[in-house]
Amino acid sequence: SALPVQKAEPTPIVLWHGMGDDCCNPLSMGRIKKFIEESIPGVYVHSLMIGSNPGTDSSNGFFMTANDQVAFACNQITNDPKLQGGFHAVGFSQGGQFLRGYVERCNTPAVKNLVTVGGQHQGIFGLPRCFGANHTLCEIARKLLNQGAYLSAIQNHL
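Residues numbered from 1 in each chain as written. Predicted model: local features only at pLDDT ≥ 70, side-chain atom pairs only at ≥ 80, totals over all residues. Heavy atoms only, no water.

As for unusual backbone geometry
Each neighbour pair has its own omega, and for Thr108 with Pro109 the value is 0 degrees, a cis peptide bond. On the secondary structure map, Pro109 appears in the loop between helix H4 (94-105) and strand S4 (111-117). Positive phi values are uncommon outside glycine, yet Ser93 reaches one of about 55 degrees. One can find Ser93 in the loop between strand S3 (87-92) and H4. (Helix = DSSP H or I, 4+ residues; strand = E, 2+ residues; numbered from the N terminus.)

See the structure below:
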């Protein structure tokens, strides 16, 4: 008699949100998580929370250094038993950038496929969505950002 064919579990998925969002917002990442779970029966989806609750997760996106956020994610992923066989990673904006940092710095367990949406892997220029017919304020802000972006206080605290 033939042995029954055992269906393989789907590869888990890790999500990382962008700046200003959080892991669980039902209108954004929570909705994406739910959509994936409904589309791939039995899949485990881990939406990263950088902090102890969604509020700190969102504020950490602005105020925790990139190095600390990636280290936090490395620890969280490493300690999740459901991810030990590897996973697919999907990052949005800053989350895509930081998942790339995960792959480059720790990657244990290993990312099988990294998908980034709106990630700034080659840097950014300018001030996004600068509205109005008079762009003088935008140009002033751009010049200030250009002068201050590499100051150690900015690099270490924003």
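From this point on, the discussion continues.
Observations regarding the side chain of Asp21
Topologically, Asp21 is positioned in the loop between strand S1 (13-16) and helix H1 (29-39). It is Arg31 that comes nearest to the buried, bridge-free Asp21 among opposite-charge side chains, at 11 Å. Within the structure, Asp21 has its side chain in polar contact with the side chain of Ser28 (distance 2.8 Å). Ignoring any residue separated from it by four or fewer positions in sequence, one finds Asp21 in contact with Ser28, Met29 and Ser58. (Buried < 20%, exposed > 50% of the residue type's maximum accessible area, 1.4 Å probe, protein only. Lys, Arg positive; Asp, Glu negative; His and termini not counted. Salt bridge = Lys/Arg side-chain N within 4 Å of Asp/Glu carboxyl O. Polar contact = N/O pair within 3.5 Å; in protein donor to acceptor, adjacent residues only side chain to side chain. Contact = heavy atoms within 4.5 Å.)

As for the packing of helix H3 (residues 66-78) against H4
Direction vectors running N to C along H3 and H4 enclose 65 degrees, while the axes themselves pass 9 Å from each other. In terms of orientation, H3 lies roughly perpendicular with respect to H4. The element H3 and its partner H4 pack so that their crossing is right-handed. Between H3, through Ala66, Asn67, Gln69, Val70, Cys74 and Ile77, and H4, the contact on the second element is made entirely by Gln94, Phe98, Gly101, Tyr102 and Arg105. Of the residues in the contact of H3 with H4, the class split is 6 nonpolar, 4 polar and 1 charged. (Axes fitted to C-alpha atoms, helices over the stretch in contact; angles between N-to-C directions. Parallel < 35°, antiparallel > 145°, perpendicular 65-115°, else oblique. Left-handed = near helix turned anticlockwise from the far one by under 90°. Nonpolar A, V, L, I, M, F, W, Y, C, P; charged D, E, K, R; others polar.)

Some thoughts on H3
When the terminal C-alpha atoms of H3 are compared, their 18 Å separation across 13 residues agrees well with the 18 Å that a helix rising 1.5 Å per residue should span. Three or more residues of H3 are buried, namely Gln69, Val70, Ala73, Cys74, Gln76 and Ile77. In the core, the buried residues of H3 are packed alongside S1, strand S2 (45-47), helix H2 (54-63), S3 and H4. (Expected span 1.5 Å × (residues − 1).)

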